[in-house]
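Report on the structure
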Amino acid sequence: MAHIALPEGIPGIRGPMAFRPETAKPLNELVDVLLRGPHPPPPGERELIATYVSARNAIAAHHF
Amino acid sequence: MAPHIELPEGLPGIASAFAFRPETAKPLRALAEVLLRGPSSLTSAERETIAAFVSARNDCFFCYASHRAAAANHPGGSYELVDAVRSDYRSASVSPKLKALLTIAAKVQEGGRRVTAEDVAGARAEGATDLEIHDTVLIAAAFCMYNRYVDGLATYTPADAGAYDEMGIRMANQGYVGSRRIADASDEEQ
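Residues numbered from 1 in each chain as written. Chains lettered and ligands numbered in written order. Predicted model: local features only at pLDDT ≥ 70, side-chain atom pairs only at ≥ 80, totals over all residues. Heavy atoms only, no water.

A few points about the overall build of chain B
Check the secondary structure of chain B and you find 10 helices and zero strands. Listing every helix and strand of chain B by position from the N terminus yields α-α-α-α-α-α-α-α-α-α. A compact globule built from 190 residues should have a C-alpha radius of gyration of about 16 Å, and chain B, at 16 Å, falls within 12% of that. Its C-alpha atoms give chain B principal-axis dimensions of about 55 × 30 × 30 Å. Looking at chain B residue by residue over its 190 residues, the buried ones come to 53%. If you sum the accessible surface of chain B, you get close to 8,700 Å²; carbon and sulfur atoms cover 53% of it. Taking the 19 positively charged and 25 negatively charged side chains of chain B as two groups, their mean positions are separated by 6 Å. (Helix = DSSP H or I, 4+ residues; strand = E, 2+ residues; numbered from the N terminus. Rg over C-alpha atoms; globule rule 2.2 N^0.38 Å. Buried < 20%, exposed > 50% of the residue type's maximum accessible area, 1.4 Å probe, protein only. Areas by Shrake-Rupley, 256 points an atom, 1.4 Å probe, with all protein chains shown as cover. Lys, Arg positive; Asp, Glu negative; His and termini not counted. Charge placed at Lys NZ, Arg CZ, Asp CG, Glu CD.)

A short note on the interface of chain A and chain B
On the chain B side, the residues contacting the 19 residues of chain A number 27 residues. Residues R20 of chain A and D135 of chain B are paired through a salt bridge, measuring 2.6 Å at the closest nitrogen-oxygen approach. Counting across the chain A and chain B interface gives five residue pairs in polar contact (both at pLDDT 80 or more). Class assignment for the residues of the side of chain A that touches chain B results in 12 nonpolar, four polar and three charged. (Contact = heavy atoms within 4.5 Å. Salt bridge = Lys/Arg side-chain N within 4 Å of Asp/Glu carboxyl O. Polar contact = N/O pair within 3.5 Å; in protein donor to acceptor, adjacent residues only side chain to side chain. Nonpolar A, V, L, I, M, F, W, Y, C, P; charged D, E, K, R; others polar.)

Points about the packing of aromatic side chains
Geometrically, a pair of aromatic rings is defined through the distance of the ring centres and the angle of the planes. All names here are of chain B. Summed over the entire model, instances satisfying the criterion amount to five aromatic pairs over all chains. Ring centres of F18 and Y149 lie 6.5 Å apart, and the angle between their planes is 40°; this geometry places the pair in the tilted category. Within this pair, whereas F18 is found in helix α1 (residues 13-20), its partner Y149 is found in helix α8 (residues 130-152), the two being separated by 131 residues in sequence. With a relative accessible area of 9%, F18 lands in the buried category. An aromatic cluster of three or more residues is present, and its members are F61, F62 and Y164. Above the ring of Y64, the side-chain terminus of R86 is found at 4.4 Å from the ring centroid. (Phe/Tyr/Trp six-rings, centres within 6.5 Å; stacked < 30°, edge-to-face > 60°. Lys NZ or Arg CZ within 6 Å of the ring centre and 35° of its normal.)

A few points about the environment of E132 of chain B
Residue and element names in this part refer to chain B. Take E132: it is sitting in helix α8. Placed 107 residues apart in sequence, E132 and A25 show a C-alpha to C-alpha distance of 25 Å. Those residues in contact with E132, other than ones at most four positions away along the chain, are S41, L42, K97, L101 and G127.

Quick look at the confidence of the model for chain B
Residues and elements named next belong to chain B. In this model, chain B carries a mean pLDDT of 93, and residues with pLDDT of at least 70 account for 94%. Counting contacts from residues 181-190, a segment whose pLDDT is below 50, to residues more than four positions away or on other chains yields nine contacts. Model confidence for the complex is summarised by a pTM of 0.92, with the ipTM given as 0.90. (pLDDT = per-residue confidence, 0-100.)

Side note on helix α2 (residues 22-37) of chain B
A rise of 1.5 Å per residue sets the reference length of α2 of chain B, with its 16 residues, at 22 Å; its end C-alpha atoms lie 21 Å apart and thus fit the reference within 8%. Summarising the contacts, the buried residues of α2 of chain B are in contact with α2 (21-36) of chain A together with α1, α3 (44-57), α4 (61-72) and α8 of chain B. (Expected span 1.5 Å × (residues − 1).)

Some thoughts on the nonpolar core
Residue and element names in this part refer to chain B. Core analysis: the largest hydrophobic core is formed by 53 residues, its most contacted members being L36, F53, V54, I133 and Y146. With nine residues, α8 is the single largest residue contributor to this core. Beyond its immediate stretch of four places on either side in the chain, V54 contacts A105, Q109, A140, F143, C144 and N147. Counting five residues, the second largest nonpolar core, distinct from the first, contains A52, Y64, A71 and V82. (Core = buried A, V, L, I, M, F, W, Y, C linked by side-chain atoms within 4.5 Å.)

Topic: the side chain of N147 of chain B
Relative to the assigned elements, N147 of chain B resides in helix α8. Beyond its immediate sequence surroundings of up to four residues, N147 of chain B is in contact with V54, S55, N58, C60 and C63 of chain B.

Overview of unusual backbone geometry
Each neighbour pair has its own omega, and for P40 of chain A with P41 of chain A the value is -5°, a cis peptide bond. Here P41 of chain A is to be found in the loop between α2 and α3 (43-63). Of note in the backbone geometry, D59 of chain B takes a positive phi value of approximately 60° without being a glycine. Tracing the chain through its elements places D59 of chain B in the loop between α3 and α4. Positive phi, close to 50°, is recorded for A154 of chain B, a residue that is not glycine. Position of A154 of chain B relative to the elements: it lies in the loop between α8 and α9 (161-173). Look at A154 of chain B and you get buried, because its relative accessible area is 8%.

Rendered as structure tokens:
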């Protein structure tokens, strides 16, 4: 269960984004520029970097 | 040490990275503005103190010194208070609610999954709302990002404490979205 009363049935980061649209807006804009903006490397590679970092953060959590 | 990439000269810390990449600067500035200066039941001094606290724990001197100065320049903030929070927030002269929120911020700095239901219940017991808990988690998470951004590029970190006083006054009074002034001021000096 989430630590605060987030909208139900919305997975992951979309829950807090629906809870707080004011912060969701710049966060979505940032992700859009970083992962989908018109610059190299291709979006697939940028998503791969994001996935790789997320995996490392998940792994680190298990070692705490 | 020179920055890892060719950043505009004469701009300190994150300002140089913002000038290098305006497309990412815009949402990063907007996020800081909402989190630290937007309408909230937490004061800006309290929110800047959380930002400085997390930055200190990440060893990001630039972010710590600048947000410490911003906190000090908001009503209710002071350099002494931020320093006390940094060295031992549990004994600092801040509200029990802010202490409970700092406990959550410290956990987020270590890793999101370290935050426990007890930490959250502790904050609620001191009167923290879900929105305050949400914003505390996001301030802590966002500053882990800003800290790594600033240090991952080895941006210029002024050693002179006076530089941070000026930054703090500007951050507290003018905020984060209109601060092209930083670049303009630097142009005028050249």
